[in-house]
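Residue-level structural notes
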Amino acid sequence: AQPHVVVLATGGTIAGAGASAANSATYAAAKVPVDKLLAGLPELSSVAKVSGEQVFQIASESFTNEHLLKLGQRVSALSKQPDVDGIVITHGTDTLEETAYFLSLVVHTTKPIVVVGSMRPGTALSADGALNLYDAVSVAASKDAAGKGVLVTMNDEIQSGRDVSKTINIKTEAFKSQWGPLGMVVEGKNYWFRAPVKRHTMNSEFNIDDIKALPAVDIVYGYSNMNTTGIEAYGKAGVKALVHAGTGNGSVAAQAVDSLKALRAQGVQIVRSARVPDGFVLRNAEQPDDKYDWVVAHDLRPQKARILAMVALTKTNDSKELQRIFWEY
Ligand SMILES: NC(=O)CC[C@H](N)C(=O)O
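Criteria and cut-off values
Residues numbered from 1 in each chain as written. Predicted model: local features only at pLDDT ≥ 70, side-chain atom pairs only at ≥ 80, totals over all residues. Heavy atoms only, no water. UniProt positions renumbered as here; feature names shortened; annotations may be inferred. Helix = DSSP H or I, 4+ residues; strand = E, 2+ residues; numbered from the N terminus. Buried < 20%, exposed > 50% of the residue type's maximum accessible area, 1.4 Å probe, protein only. Pairing = 2+ DSSP bridges. Contact = heavy atoms within 4.5 Å. Axes fitted to C-alpha atoms, helices over the stretch in contact; angles between N-to-C directions. Polar contact = N/O pair within 3.5 Å; in protein donor to acceptor, adjacent residues only side chain to side chain. Near = heavy atom within 4 Å. Areas by Shrake-Rupley, 256 points an atom, 1.4 Å probe, with all protein chains shown as cover. Nonpolar A, V, L, I, M, F, W, Y, C, P; charged D, E, K, R; others polar.

The name given to the chain in an unreviewed UniProt entry is Glutamin-(Asparagin-)ase, and the organism recorded there is Simplicispira metamorpha. Among the UniProt annotations of the chain, the heading Sequence similarities (unreviewed entry) holds the following wording: "Belongs to the asparaginase 1 family."

See below:
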């Protein structure tokens, strides 16, 4: 029998519609319902038995923690169904990487989970959504995609949901990872070149089935002439961890160091990340993390560090444990 793939639709440009075929950038996201998306792609029937569910119909910049929890719970429930072989999530590209990383941390399954979006609406010339979705379904339907964590199929590539980020807001070649794609998908066949080594899905100590709420974790951005208003406001608002998107190797302005130390003294976890797109933050370089009891974000960009900090804080508020988790995931 054909593999059964469930497509969970959440909105984004892959469900977008513009006024004319020349509108590649000006259009409304989250318009086309999942049934119509699937009906427009009859080629899927040769790859898998596909069923669709409309979970949300939103632009991904409006995703909240409640959306993450609801989606995670649905993916987890489906992954336990013996009649489901793989799951695809259609998603806006703006925060797609955050959702993909979240799912890779909390869903316990070896079944393929693939998150997919598009850069142009289906109404545009050279729309990319149809092929991206076809690739997502074919990867989700394939046995060789099992146990590789949550994947992202964009632009013929199979990326690790942990590593990949949106790097440009115009071209279809938008999703990149400094560590490279895991493989490519061409005409329904997967070509693998590497596998992730960080803990995910079946090997994660976190499980969506045990997570009822996510703690408040926010991000402050580092820049010259930085002021400390934001740091202090987040502290007053009761944030549980604050991610600092530092300059260079996660460096922190002197006045911000004082504010962050004061927050740490109140029990807030400080996660030192970097605003540069690539590389990774070294512990005790640029700032004495041991002395200040701060955590470094390893190679996670600020928005991904926020996701991991939220998930980790559901289990521990010990800074040494948090740092271990940041090295391992
Ligand atoms: N290319 C896109 O999907 C961007 C559309 C919208 N801002 C979203 O993220 O949902």
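Let's pick the thread back up.
Attention now goes to unusual backbone geometry. Non-glycine residue asparagine 155 carries a positive phi angle of around 60 degrees. Tracing the backbone through its elements, the reader meets asparagine 155 in the loop between β5 (150–154) and β6 (157–160). With relative accessibility at 27%, the residue asparagine 155 sits in the partly exposed group. With phi around 65 degrees, asparagine 284 is a residue other than glycine that occupies positive phi space. If you trace the backbone, asparagine 284 turns up in the loop between β13 (269–274) and α7 (289–292).

Two pairing modes exist for strands in a sheet, parallel and antiparallel, and in both the strands are linked by backbone hydrogen bonds. Reading across from one edge, β11-β12-β13-β14 is the order of the four strands in this open sheet, with parallel pairing throughout. Of all the strands in the sheet, just β11 (217–221) and β14 (295–296) have a single pairing partner and so form its edges. Where β11 meets strand β12 (residues 241–246), five bridges bridge the pair, whose relative direction is parallel. Each bridged residue has a counterpart across the sheet, and for aspartate 218 the counterpart in β12 is leucine 242. Strand contacts of helix α5 (residues 229–237): β11 and β12, with the helix running at about 170 degrees to β11, the strand carrying the most contacts.

In this fold, arginine 272 is placed in strand β13. Residue classification places arginine 272 among the buried residues on the basis of a relative accessible area of 1%. One polar contact links the side chain of arginine 272 to the main-chain carbonyl oxygen of asparagine 249, over a distance of 3.1 Å. Within the structure, arginine 272 has its side chain in polar contact with the side chain of aspartate 289 (distance 2.7 Å).

So, about the UniProt feature "domain: Asparaginase/glutaminase C-terminal" (unreviewed entry) in the chain. If you check UniProt for "domain: Asparaginase/glutaminase C-terminal" (unreviewed entry), the listed places come out as residues 217–326 in our numbering. For residues 217–326, the helix share is 41%, the strand share is 17%, and the end-to-end C-alpha distance is 15 Å.

Right, let's get into the site of the ligand. The full set of residues close to the ligand is Gly12, Thr13, Tyr27, Ala59, Ser60, Glu61, Gly92, Thr93, Asp94 and Ser118. Burial of the ligand by the surrounding chains reaches 90%, relative to a free accessible area of 290 Å². By residue class, the composition of the shell around the ligand is two nonpolar, six polar and two charged.

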